[in-house]
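# Fold and geometry: a report
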Amino acid sequence: MPRPPASAPPQPLDLMFQALADPARRGMVERLSRGPASVSELAAPYAMSLPAVMQHIQVLETSGLVKSQKVGRVRTCQIEPGALSLAERWINDRRTSWERRLDRLGDYLAAHPEDEETP
């Protein structure tokens, strides 16, 4: 697949994989998959400052994986339920393509056993 020009804006799938590339962000997504959480709750397992946690949350929001809402002084985050479907479709398309190729190879090898090398 050709890469877009360097000046092109990042595509949604690129943003999602970039967001999931960081273990802290994956941990936050994992936590949010169990239900909404405040920024403080998301920050608790990590030895990082609150501003650093907010930067991670911003990356997750930009990717579309997470949305947040501020009520009073508390910002609550929640996972965007359908967001991972884009990555899931992309991965499934690759898997389906390779499964078809391997099935064709298996069919070919079964039909041409004489082509196989023997030790």
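Look up a bit, the structure's there.
Presented here is an overview of the structure given in this document.

Rules of the game
Residues numbered from 1 in each chain as written. Predicted model: local features only at pLDDT ≥ 70, side-chain atom pairs only at ≥ 80, totals over all residues. Heavy atoms only, no water. Pairing = 2+ DSSP bridges. Helix = DSSP H or I, 4+ residues; strand = E, 2+ residues; numbered from the N terminus. Contact = heavy atoms within 4.5 Å. Axes fitted to C-alpha atoms, helices over the stretch in contact; angles between N-to-C directions. Expected span 1.5 Å × (residues − 1). Buried < 20%, exposed > 50% of the residue type's maximum accessible area, 1.4 Å probe, protein only. Arc of directions from axis to C-beta. Core = buried A, V, L, I, M, F, W, Y, C linked by side-chain atoms within 4.5 Å.

### Details of the sheet that holds strand S3 (residues 74-79)
The three strands are arranged S1-S3-S2 in an open sheet whose pairing can be described as antiparallel. Of all strands in the sheet, those with a lone pairing partner are strand S1 (37-38) and strand S2 (66-71), marking the two edges. Pairing of S1 with S3 involves two bridges; the strand directions are antiparallel. Pairing of Ala37 across the sheet is with Cys77, part of S3. Against the sheet, helix H2 (residues 23-32) touches S1, S2 and S3, its axis set at about 85° to S3. Strands in contact with helix H4 (residues 50-63) are S2 and S3; relative to S2, the strand with the most contacts, it is inclined by about 125°.

### Brief notes about H4
Its 14 residues give H4 an end-to-end C-alpha distance of 20 Å, which sits within 8% of 20 Å, the value for a rise of 1.5 Å per residue. Listing the buried residues of H4 in full gives Val53, His56, Ile57, Leu60 and Ser63. Looking straight down H4, one finds its buried side chains confined to an arc of 120°; they lie on one side. Counted as exposed and oriented over 90 degrees from the buried face of H4: Pro51 and Gln55. Against the buried residues of H4 lie helix H1 (12-20), H2, helix H3 (39-43), S2 and S3. Two residues or fewer past H4, Gly64 is found with a positive phi of approximately 90°.

### Section: the nonpolar core
Counting residues in hydrophobic clusters, the biggest one holds 18 residues, and the most contacted among them are Leu42, Ile57, Leu60, Leu65 and Cys77. Put simply, the parts of the chain that give this core at least two residues each are H1, H2, H3 and H4. Aside from chain neighbours lying at most four places away, what touches Ile57 is Met28, Val39, Leu42 and Cys77.

Everything listed here is a matter of geometry and, on its own, says nothing about what the molecule does.
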